[in-house]
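Topology and contacts: notes
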Amino acid sequence: MSASRVLVLNSGSSSLKYQLLDMRDSSRLAVGIVERIGEQTSRISHTVLPVGDTREQNGPIADHDAALKAVAEELDQDRLGLDSPELVAIGHRVVHGGMFFTEPTVIDDAVITEIERLIPVAPLHNPANLTGIRTAMAMRPDLPQVAVFDTAFHTTMPESSARYAIDARIADRYRVRRYGFHGTSHAYVSRATAKLLGKEPEDVNVIVLHLGNGASASAIRGGRCVDTSMGLTPLEGLVMGTRSGDLDPAVIFHLQRVGGMSMDEIDTLLNKTSGLFGLCGDNDMREIRRRIDEGDEEARLAFDIYIHRLRKYIGAYYAVLGRVDAIAFTAGVGENVPPVREAAIAGLEELGLALDGDLNAVTSDEPRLISPVSARVAIAVVPTDEELEIAAQTYALTRKSGNA
Ligand code: ADP
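Thresholds, definitions, all that
- Residues numbered from 1 in each chain as written.
- Predicted model: local features only at pLDDT ≥ 70, side-chain atom pairs only at ≥ 80, totals over all residues.
- Heavy atoms only, no water.
- Phe/Tyr/Trp six-rings, centres within 6.5 Å; stacked < 30°, edge-to-face > 60°.
- Helix = DSSP H or I, 4+ residues; strand = E, 2+ residues; numbered from the N terminus.
- Buried < 20%, exposed > 50% of the residue type's maximum accessible area, 1.4 Å probe, protein only.
- Polar contact = N/O pair within 3.5 Å; in protein donor to acceptor, adjacent residues only side chain to side chain.
- Contact = heavy atoms within 4.5 Å.
- Near = heavy atom within 4 Å.
- Areas by Shrake-Rupley, 256 points an atom, 1.4 Å probe, with all protein chains shown as cover.
- Nonpolar A, V, L, I, M, F, W, Y, C, P; charged D, E, K, R; others polar.
- Core = buried A, V, L, I, M, F, W, Y, C linked by side-chain atoms within 4.5 Å.
- Patch = residues over 30% accessible without salt bridge, like charges linked within 9 Å, V, L, I, M, F, W, Y side chains within 5 Å.
- Salt bridge = Lys/Arg side-chain N within 4 Å of Asp/Glu carboxyl O.
- Axes fitted to C-alpha atoms, helices over the stretch in contact; angles between N-to-C directions.
- Parallel < 35°, antiparallel > 145°, perpendicular 65-115°, else oblique.
- Left-handed = near helix turned anticlockwise from the far one by under 90°.
- Pairing = 2+ DSSP bridges.

**What to know about the packing of aromatic side chains**
Using the criterion set out here, one finds three aromatic pairs in the structure. Ring centres 5.6 Å apart and planes at 75 degrees place the aromatic pair Y313 and Y317 in the edge-to-face group. Here the residue Y313 and the residue Y317 both occupy positions in helix α11 (residues 297-321), the gap between them amounting to four residues, near one helical turn. As far as burial versus exposure is concerned, Y313 and Y317 are alike and both buried. What links up through ring pairs into an aromatic cluster is the set F100, F101 and F149.

Here it is in structure tokens:
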């Protein structure tokens, strides 16, 4: 029996999330997270599947090196360790692959150098991703390690959607263009939506609405992304948990000139204390819905602004695609909050969009249709699975390269 395990690592600035999958049946063998790396109060939470027993350990974990060693020890306890011959590859989530990385890529020194060169456009994410890569490569230098980029799926966008209307020489010099993010999710969900419709991805046009704490929409024609709402960074587009999404860039000049705020302060404002949180003090949609039910006007307005922006993007991508076969809701809010889906689609019957109220109210982990059978456009809820997509791409690439 050939080896078939893939470890997926998602390395953030102070956290390391991981999943070990068996690609024979795409099942999870273990999942976990190391949080607050570098602090005294670090914590590792490790769950062995399918039983679901969770072990937790608290205590300082100094850096990502120590974090991955702690993960390896946890995995060892169940004979799932990093030195197991069953492990064929490690797949790394990398946020920014620029224009260079259009596909998952086996990591070597040249790949690391290119990911480093992209740090100026992803200053928060790429350094953390690189730390995870270096740590894992030091522990298993012989094992294929694959980078799967959040931006890759969007590299098919035509120049007409990818470029900003600014001086082209300046844009080229500083690599200013729309890259898009959440690509692994948009790719997975658009394919799963085609499957739900019993069609091939090449034959369907889909609008994917990835509504988590970060949120993005994309227009996908025949399996290829033609537009997406996030841009140079994940700040553009929809109203998010703590990010503003679209605004007039002159707001920034105004806050600096009139408000006396520094660039760093404005950066923090727009990324960390805006969006739903900035509007009403909460970024969790559960809490916002609870407050609305109690008659809270501030929460209501935040919700209405969120929905208004979402509807604008649905309309825009309808026009970009011309023909829409399906709209898919995914991620924390998209999968779990019926009133968001209802408000996003309400009154759009002229566009062939309608929901079945009973189907919309169903709670489920399965991909499902929530539009009436007669509807021209299928509306779907499709749970995203970025780790499975990273593992599948990693596994496919290692087999193709003859490493497995
Ligand atoms: P991210 O990966 O960007 O952190 P998620 O896709 O996990 O985000 O989504 C997180 C958000 O989803 C939470 O902030 C919360 O608002 C929302 N959410 C998750 N589960 C539920 C639920 N059962 N009911 C309502 N909202 C939910």
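**Remarks on the side chain of D325**
Tracing the backbone shows D325 in the loop between α11 and β12 (326-330). From its side chain, D325 meets the backbone nitrogen of N205 in a polar contact 2.7 Å long. In this structure D325 touches L197, D203, V204, N205, V377 and A378, once residues within four positions along its chain are discounted.

**Brief notes about the site of the ligand**
Taken together, G212, N213, G214, N283, D284, M285, R286, A331, G332, V333, N336 and V337 make up the full set of residues near the ligand. Within the side chain of D284, a nitrogen or oxygen atom sits 3.3 Å from an oxygen atom of the ligand. For the ligand, whose free accessible area comes to 570 Å², the fraction covered by protein is 63%. The element contributing the most residues to the shell around the ligand is helix α12 (residues 331-336), with four residues. Taken together, the residues of the shell around the ligand break down into four nonpolar, six polar and two charged.

**A look at the nonpolar core**
Formed by 43 residues in total, the largest nonpolar core has its most connected members in L209, L211, M285, Y306, I327, V340 and L353. If you list the elements that add at least two residues to this core, you get β9 (205-211), β10 (215-221), α9 (275-280), α10 (285-293), α11, β12, α13 (338-345) and β14 (378-381). For this core, the element with the highest residue contribution is α11, accounting for eleven residues. Contact partners of Y306, with chain neighbours within four places excluded, come to L211, V239, L276, M285, V333 and V340.

**Details of a nonpolar patch on the surface**
The grouping of I166, I170 and Y174 at the surface amounts to a nonpolar patch, some 290 Å² of accessible area in total. As for its placement among the helices and strands, Y174 is situated in the loop between α5 (168-173) and α6 (183-196).

**Points about the packing of helix α1 (residues 64-77) against helix α3 (residues 126-139)**
What describes two packed helices is the angle between their axes and the distance between those same axes. The interhelical angle for the contact between α1 and α3, taken along N-to-C directions, is 55 degrees, at an axis separation of 9 Å. On the basis of their axis angle, the class for α1 and α3 is oblique. The crossing of α1 and α3 is right-handed. For the pair α1 and α3, the contacting residues are H64, D65, L68, K69 and A72 in the first and T131, T135, A136 and M139 in the second. For the contact of α1 with α3, the residue count by class is four nonpolar, three polar and two charged.

**Re the pattern of salt bridges**
With the rule as written, the count across this model stands at 26 salt bridges. One salt bridge connects D150 with R93, and the closest N-O pair in it is separated by 2.6 Å. Taken together, the residues span a long stretch of sequence, with D150 in the loop between β8 (145-149) and α4 (159-162) and R93 in strand β6 (residues 87-94) at a distance of 57 residues. You can call D150 buried: its relative accessible area is 2%. What emerges from the salt-bridge pattern is a single network uniting E159, R163, D172 and R177.

**Looking at the sheet that holds strand β13 (residues 368-369)**
Spatial ordering of the open sheet is given by β11-β10-β9-β12-β14-β13, a layout of six strands whose pairing is mixed. The sheet is open, and its two edges are formed by β11 (224-228) and β13, each paired on a single side. Of the strand pairs in this sheet, β9 and β10 are connected by seven bridges, and their pairing is antiparallel. Directly across from N205, in β10, lies its bridge partner R221. In the packing of α11 onto the sheet, contacts are made with β9, β10, β11 and β12, and the angle to β9 comes to roughly 160 degrees.

**With respect to the pairing of strand β2 (residues 16-22)**
Most of β2 sits inside the fold, with six of its seven residues counted as buried. Pairing of β2 with strand β3 (residues 27-35), which is carried by seven bridges, proceeds in the antiparallel orientation. Paired with L16 across the bridge in β3 is V34. In sequence, β2 turns back onto β3 through a hairpin of four residues, with S26 there showing a positive phi of about 60 degrees.

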